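Breakdown of the fold
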Amino acid sequence: MPRIIVVTSGKGGVGKTTTSASFSSGLAMRGNKTVVIDFDVGLRNLDLIMGCERRVVYDIINVINGEVSLKQALIKDKNCDNLFILPASQTRDKDALNLEGVERILNELKESFDYIVCDSPAGIESGAFTAMYFADEALVVTNPEVSSVRDSDRILGILAAKSKRAVEGQEPIKEHLLVTRYDPKRVEAGEMLSVTDIQEILRIPLIGVIPESESVLLASNSGTPAIHQEKSDVAEAYRDVVARFMGEELPMRFLTAEKAGFFKRIFGGR
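Attention here is on the structure that accompanies the text. (Residues numbered from 1 in each chain as written. Predicted model: local features only at pLDDT ≥ 70, side-chain atom pairs only at ≥ 80, totals over all residues. Heavy atoms only, no water.)

**A look at the overall build of the chain**
Selection criterion: Numbering of helices and strands runs from the N terminus; a helix is a DSSP stretch of H or I covering at least four residues, while a strand is a stretch of E covering at least two. Exposure classes here rest on a 1.4 Å probe applied to the protein chains alone. A residue is buried below 20% of its type maximum, exposed above 50%, and partly exposed in between. Contact criterion: two residues are considered in contact whenever any of their non-hydrogen atoms come within 4.5 Å of each other. Note on charges: Lys and Arg go in the positive column, Asp and Glu in the negative column, and His and the chain ends are not counted at all. Charged groups are reduced to one reference atom each: NZ for lysine, CZ for arginine, CG for aspartic acid, CD for glutamic acid.
Along the chain, the regular secondary structure elements total 13 helices and eight strands. Evaluated residue by residue, the chain yields a buried proportion of 52% over its 270 residues. Pairs at least 24 residues apart make up 75% of the contacts formed inside the chain by residues separated by at least 6 positions. Distance between charge centres in the chain, computed from 33 positive and 39 negative side chains, equals 3 Å.

**Re unusual backbone geometry**
Not every positive phi belongs to a glycine, and Lys231 is a case in point at roughly 60 degrees. With respect to the secondary-structure elements, Lys231 resides in the loop between helix H11 (215-222) and helix H12 (233-245). In this structure Lys231 comes out as exposed when scored by relative accessible area, which is 84%.

**A short note on helix H10 (residues 195-202)**
At 3.6 residues per turn, the α-helix brings residues three or four places apart onto the same side. The condition is simple: Directions from the helix axis toward the C-beta atoms define the arc.
Among all positions in H10, only Val195, Ile198 and Leu202 are buried. Across the axial projection of H10, the buried residues extend over an arc of 65 degrees, all falling on one side. Each element contacted by the buried residues of H10 is listed here: strand E6 (137-142), helix H7 (146-162), strand E7 (174-182) and strand E8 (206-211).

**A word on the packing of aromatic side chains**
Applicable threshold: Pairs were defined over the aromatic rings of Phe, Tyr and Trp, the Trp ring being its six-membered one, requiring ring centres within 6.5 Å. Orientation was assigned from the angle between planes: stacked under 30 degrees, edge-to-face over 60, tilted for the rest. The rule is short: NZ of Lys or CZ of Arg within 6 Å of the ring centre and within 35 degrees of the ring normal puts a charge over the ring.
Scanning the entire structure with this criterion turns up five aromatic pairs. Aromatic side chains Phe23 and Phe245 sit 5.1 Å apart centroid to centroid with 90 degrees between the ring planes, which places their arrangement in the edge-to-face category. You can see Phe23 sitting in helix H1 (residues 16-29) and its partner Phe245 sitting in helix H12, a full 222 residues away along the chain. Residue Phe23 is classed as buried on the basis of its relative accessible area of 1%. Owing to a relative accessible area of 12%, Phe245 belongs among the buried residues under this scheme. Ring geometry for Phe84 versus Phe113: centroids 5.8 Å apart, planes at 75 degrees, classification edge-to-face. Within this pair, whereas Phe84 is found in strand E4 (residues 83-86), its partner Phe113 is found in the loop between helix H5 (99-110) and strand E5 (115-119), the two being separated by 29 residues in sequence. Judged on exposure class, the residue Phe84 and its partner Phe113 are both buried. Here the aromatic residues Phe23, Tyr115 and Phe245 are joined through ring pairs into a cluster of three or more. Across from the ring centre of Phe113, 5.0 Å away, lies the NZ or CZ of Lys33, which sits over that ring.

Dropping the structure here:
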């Protein structure tokens with residue numbers, strides 16, 4: 001049964017698009033036919049992170065308006081044979097999205113794909129609402145700071161009250177908490193909320209913790225999803241997230257600060 005997963009949060013800059021790229025890539029790497037849709041009409045960043053910006057000819061608005069077929073707009077990922085990208089438009093505004101058109105696209109995608117990942121824009125306006133409306137599951141992305149967690153709590157309220165499942169009285173959207181940009185040293189210093197603090201506020205199951213790392217920026221600048229970064233903690237963390245999503249039980253990593261070795265304590269240095 002195909003599943004629609006929205007990657008969402010209230011606050012911008014928390015890592016939704018980075019997560020959408022790596023999560024969809026991870027699903028495809030496990031043999032699942034996957035498509036990731038950019039709902040950030042007017043900005044469009046997913047194609048940059050996926051490294052396919054030069055191959056964008058048509059976008060989701062062209063498909064909604066009936067100007068081209070869905071097959072014409074889909075872009076095959078250069079790293080995973082099972083992964084496709086449906087880009088957003090840079091020249092339209094978010095009002096060009098409509099529920100009827102999006103539902104038609106999703107129904108067509110369900111005929112060919114196992115997983116449909118929806119990369120939501122920030123905020124709670126029409127683009128974000130449209131991205132989450134048809135979801136079966138949600139990755140709620142938050143940073144360990146009060147404003148980000150508060151905005152994620154607002155999103156949880158919308159998922160519970162305004163999604164298609166809520167409106168039609170169906171089983172609720174399955175929610176997963178993903179904490180990004182986590183720095184255990186700053187948590188210990190009281191500069192960030194701990195994972196426990198965040199869970200106490202949001203009360204949804206934790207699916208993963210993505211550590212703060214320069215490798216995320218390096219991956220984005222190179223047009224390669226972070227999950228493909230060899231020997232990086234971020235790639236390991238995203239692989240763990242995908243494994244847990246697929247039902248594997250794994251211990252939660254990257255929650256504690258790495259202890260300095262003997263020589264580093266004596267002589268210092270990075």
